[in-house]
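# What the coordinates show
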Amino acid sequence: MTHQHSTSILSERKCNNNGKSTLLPTLPLRLWTIILMMAVGHVGGHARLFSIERDSVPLFNGFSVSFDIAGPVIRALGDYGEMEGALRLNLHDQYFPVVEVGYGSAEHDDEVTGLYYKTQAPYFRIGCDLNLLKNKHAPNRLYGGIRYAFTSYKVDMRSQVFADPVWGWDTGFEIYGEKCSQHWLELVIGLDAKIWGPLHAGWSVRYKRRISHNDPSMGNTWYVPGYGKYGDTRIGANFNVIIDI
């Protein structure tokens, strides 16, 4: 589960009349500079970022499963939230290909606007993390990574029925089970801390950038499973329990 808020960023947008939009992301130069410095900065010598260290540790060094423990709590206390788990391979304690699968849901009734919104659907992410520490085999890890994410979901939306003050007709609407979808990218920075034996606790912060979406015919999607509230960009955070296997 992630805590969300909107951020402003320049982008190019392509739209059509069916509510479909494609965003061509252009991240700020400062953000790319920070990421590059974290990835290629040297500590006590020049580091070769994408080379595999030659030592006794095998290339395939196991895998881990993880579960987000904040999401169900947030969902129980609020209008939306997710349950999420991940499978991550360990390649020489340096590279961590990962698949994340979750299930997001929301039910929101806005007393101010009179709009009601409901959805629930699975979502999927695939990507890879890179261990940024000089000592790759340390029990704790600082990592950066990238994800591609997708969800296909259905929404129920309705508004309160009231008469137009000029023409007198009803202005309310209802839609049920309308199909929507969204694709987005995520930049991830996180920390895994060893607790005991194979048990780790993990924190991560994610910058999410929507790249394409298909919204319902009657307006914007209030919540997208796995992404959060509607918007071109989001910032999210996860707290995971991780078990090395």
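Residues numbered from 1 in each chain as written. Predicted model: local features only at pLDDT ≥ 70, side-chain atom pairs only at ≥ 80, totals over all residues. Heavy atoms only, no water.

## Concerning the pairing of strand β12 (residues 233–244)
- Where strand β3 (residues 60–68) and β12 come together, five bridges link them in antiparallel fashion. Opposite Asp 68, over in β12, you have Asn 240 as the bridge partner.
- The sheet contact formed by strand β9 (residues 199–214) and β12 spans eleven bridges and is antiparallel. Residue pairing across strands places Leu 199 opposite Ile 243, the latter belonging to β12. (Pairing = 2+ DSSP bridges. Helix = DSSP H or I, 4+ residues; strand = E, 2+ residues; numbered from the N terminus.)

## Overview of the confidence of the model for the protein
- Here the protein averages 82 in pLDDT, and 74% of its residues register 70 or above.
- Least confident of the elements in the protein is strand β1 (residues 11–15), whose mean pLDDT is 41; most confident is strand β5 (residues 95–109), at 97.
- Confidence drops under a pLDDT of 50 for residues 1–19, and excluding neighbours within four residues, the segment shows 70 contacts in the predicted structure.
- Between residues 22–27, whose pLDDT stays under 50, and residues either more than four places distant or in other chains, the model counts 23 contacts. (pLDDT = per-residue confidence, 0-100. Contact = heavy atoms within 4.5 Å.)

## Things to note about a nonpolar patch on the surface
- Together, Phe 60, Phe 63, Leu 87, Leu 89, Ile 195, Trp 196, Leu 199, Ile 243 and Ile 245 line one region of the surface with nonpolar side chains, adding up to about 870 Å² of accessible area.
- Going through the elements one at a time, β3, β4 (80–91) and β8 (174–196) are the ones with two or more residues in the nonpolar patch.
- As for its placement among the helices and strands, Phe 63 is situated in strand β3.
- Looking at Phe 63, the relative accessible area reads 31%, which means it is partly exposed. (Patch = residues over 30% accessible without salt bridge, like charges linked within 9 Å, V, L, I, M, F, W, Y side chains within 5 Å. Areas by Shrake-Rupley, 256 points an atom, 1.4 Å probe, with all protein chains shown as cover. Salt bridge = Lys/Arg side-chain N within 4 Å of Asp/Glu carboxyl O. Buried < 20%, exposed > 50% of the residue type's maximum accessible area, 1.4 Å probe, protein only.)

## What about the pattern of salt bridges?
- For the structure shown, the criterion picks out eleven salt bridges.
- One salt bridge connects Arg 88 with Asp 129, and the closest N-O pair in it is separated by 3.3 Å. With Arg 88 in strand β4 and Asp 129 in strand β6 (residues 115–131), the pair connects residues that are 41 residues apart, well separated along the chain.
- Look at Arg 88 and you get buried, because its relative accessible area is 9%.
- When the shortest N-O distance is used, the salt bridge between Arg 206 and Glu 100 registers 2.8 Å. Of this pair, Arg 206 sits in strand β9 while Glu 100 is found in strand β5, placing the two residues 106 residues apart along the sequence. Note on accessibility: Arg 206 and Glu 100 belong to one class, buried.
- Salt bridges sharing partners connect three or more residues here, namely Glu 84, Arg 88, Glu 100, Arg 125, Asp 129, Arg 147, Glu 186, Asp 192 and Arg 206.

## A few points about a negative patch on the surface
- Together, Asp 79, Glu 107, Asp 109 and Glu 111 make up a region of like negative charge exposed at the surface.
- As for its position among the elements, Glu 111 is in the loop between β5 and β6. (Lys, Arg positive; Asp, Glu negative; His and termini not counted. Charge placed at Lys NZ, Arg CZ, Asp CG, Glu CD.)

## Notes on the pairing of β8
- Relative to β8, strand β7 (residues 141–159) runs antiparallel, the two being bridged by 17 bridges. Note that in β8 the partner of Tyr 153 across the bridge is Cys 180.
- Where β8 and β9 come together, 15 bridges link them in antiparallel fashion. Each bridged residue has a counterpart across the sheet, and for His 183 the counterpart in β9 is Ser 212.
- Counted along the chain from β8 to the antiparallel partner β9, the turn is two residues long, and its residue Gly 197 has a positive phi close to 55°.

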